[in-house]
Amino acid sequence: MGIIRAAVSTVKGSLEDQWLEVVEPYEMDAQTVCTRGVVMRKGREKKGSPDVLSNGSVIHVYENQFMILTDGGKIVDYTAEPGYYTVEDFAQPSMFSGQFGDALRDTFNRFRFGGGTPQSQKVYYINLQEITGIRFGTRNPVNYFDSFYNAELFLRAHGTYSICIVDPLLFYAEAVPKNAERVEVQDINEQFLNEFLEGIQVAINRMSADGIRISYVASKSTELSRYMADALDENWKARRGMEVQSVAIASISYDEESQKLIHMRNQGAMLQDPTIREGYLQGAAGRAMEAAASNPNGSMAGFMGFGMGMQSGANILGAASAANAQQMQNSREPAGAAGAWVCSCGAQNTGNFCTNCGKPRPSAAWTCSCGTMNTGNFCSNCGKPRQ
């Protein structure tokens with residue numbers, strides 16, 4: 001039993017007028033991986049013996065479909081080329097491999113009809129389009145060492161991936177449940193998803209080893225697809241005749257400890273900027289004063305505590321401010337103007353007094369013998385004069 005290509009170009013009228021039975025694919029959408037063929041007679045589904053194909057029946061194959069003809073549960077013929085094919089009881093297998101070439105013939109020899117009394121003839125259609133929108137999500141956080149943060153971080157990834165069937169005969173034999181009328185990808189996805197999640201952990205760890213920052217993972221879908229192909233395709237293609245086509249990351253989330261580490265590192269990076277650091281210190285002091293003013297024991301007690309607590313802090317803040325001002329001042333000095341300074345009125349000077357407004361030159365920061373940094377002529381901690 002086999003199929004031969006039907007010459008429909010010379011036939012007039014509808015298919016039902018020319019052939020007693022016509023086989024059409026059952027419902028097939030973007031998530032369908034396999035569906036049975038429906039035997040139609042006079043425009044209606046055949047009743048009585050739907051699993052017996054009459055000699056001379058025609059099978060209709062559409063684009064991006066792979067048709068499999070079975071007899072007694074064994075594969076007897078197939079085609080990957082769209083068109084009309086006539087069933088002949090005494091025809092040898094034609095095996096129209098189409099884009100799959102001779103490689104498909106080797107698979108056919110493994111699963112072909114091996115003799116015995118035929119019980120029924122059935123037609124199955126395998127979807128050759130990309131099966132998209134398969135959802136995934138890591139159940140547990142995946143470790144990711146990021147050299148930028150110099151820390152072991154943990155992330156969760158959610159998104160979708162797609163597969164493509166590259167050996168439909170092997171896929172039918174190994175992945176499609178027997179006697180299934182219609183198979184959606186979700187019907188067989190539980191095992192695939194577990195293997196996919198194992199593969200994505202390997203892929204994410206490889207991205208970490210390649211030095212990709214953790215914040216860039218969501219935008220590296222192309223690289224992740226390549227890593228996933230390396231991790232899964234050899235196994236999936238050899239065992240089930242399918243491969244990963246693409247991976248799309250919809251969201252990346254971090255566990256609580258990783259969020260703290262990332263926040264701390266980013267905050268430290270910002271405070272390296274002297275302007276941001278100055279604003280942060282001044283803001284912290286302002287917030288502390290507001291808290292002291294709202295002290296439930298009275299604002300005076302709050303300010304006393306604030307003053308005691310800020311005694312040493314003020315020294316540090318003042319020294320940092322002075323150092324920051326000196327750094328900003330030095331950055332505005334023109335090349336070659338040694339000792340030049342900029343007054344608060346904006347005038348640039350080289351002497352001890354401003355030539356525009358007469359203000360004295362601000363004193364440079366100095367460290368007292370008690371360890372306190374100051375900007376005035378006397379130590380704000382012990383009162384010693386500037387040496």
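Quick caveat: nothing in here was measured; it's all calculated off a predicted structure. (Residues numbered from 1 in each chain as written. Predicted model: local features only at pLDDT ≥ 70, side-chain atom pairs only at ≥ 80, totals over all residues. Heavy atoms only, no water.)

**Q** Sorry, what's going on with the packing of aromatic side chains here?
**A** How two aromatic rings sit relative to each other is set out by the distance from centre to centre and by the angle between their planes. Taken as a whole and assessed by the stated rule, the structure comprises six aromatic pairs. When the ring of Tyr-161 is compared with that of Phe-196, the centres are 3.8 Å apart and the planes differ by 10 degrees; the resulting orientation is stacked. One end of the pair, Tyr-161, is in strand β12 (residues 151–165); the other, Phe-196, is in helix α4 (residues 189–209), and 35 residues separate them in sequence. For the pair Tyr-161 and Phe-196, one class covers both residues: buried. Between Phe-192 and Trp-236, the aromatic rings sit 5.8 Å apart at their centres with planes inclined by 55 degrees, giving tilted as the arrangement. One end of the pair, Phe-192, is in helix α4; the other, Trp-236, is in helix α5 (residues 221–240), and 44 residues separate them in sequence. Of the two residues, Phe-192 and Trp-236, neither departs from the other in class, the shared state being buried. Among the aromatic residues, those joined into a cluster by ring pairs are Phe-136, Tyr-161 and Phe-196. One residue, Arg-36, lies across the ring of Tyr-26, its end atom 5.1 Å from the ring centre. When the ring centre of Tyr-216 is taken as origin, the NZ or CZ atom of Arg-213, which lies over that ring, is 5.4 Å away. (Phe/Tyr/Trp six-rings, centres within 6.5 Å; stacked < 30°, edge-to-face > 60°. Helix = DSSP H or I, 4+ residues; strand = E, 2+ residues; numbered from the N terminus. Buried < 20%, exposed > 50% of the residue type's maximum accessible area, 1.4 Å probe, protein only. Lys NZ or Arg CZ within 6 Å of the ring centre and 35° of its normal.)

**Q** Could you clarify how one ought to interpret the nonpolar core in this entry?
**A** Among soluble globular proteins, nonpolar side chains are generally buried collectively. Core analysis: the biggest nonpolar cluster contains 57 residues, and Phe-66, Tyr-161 and Phe-196 have the highest contact counts within it. Examining the composition of this core, we find that eight residues originate from one element, α4, more than from any other. Other than its neighbours up to four places away in sequence, Phe-66 contacts Tyr-78, Thr-79, Ala-80, Phe-100, Leu-104, Tyr-124, Tyr-125, Ile-126, Leu-128, Pro-168 and Leu-169. Among the nonpolar cores identified, the runner-up in size contains 14 residues, and Val-61, Met-67, Leu-69 and Val-87 belong to it. (Core = buried A, V, L, I, M, F, W, Y, C linked by side-chain atoms within 4.5 Å. Contact = heavy atoms within 4.5 Å.)

**Q** Quick question: what am I supposed to make of the pattern of salt bridges here?
**A** Proximity of charged atoms lets side chains of opposite charge pair with each other. Counted according to the given criterion, the structure contains seven salt bridges. A salt bridge links Arg-36 to Glu-181; the shortest N-O distance between them is 2.0 Å. With Arg-36 in strand β3 (residues 32–41) and Glu-181 in the loop between α3 (168–174) and β13 (182–184), the pair connects residues that are 145 residues apart, well separated along the chain. For Glu-181, a relative accessible area of 42% gives the class partly exposed. Beyond isolated ion pairs, a larger network of salt bridges with shared partners links Asp-29, Arg-182 and Glu-184. (Salt bridge = Lys/Arg side-chain N within 4 Å of Asp/Glu carboxyl O.)

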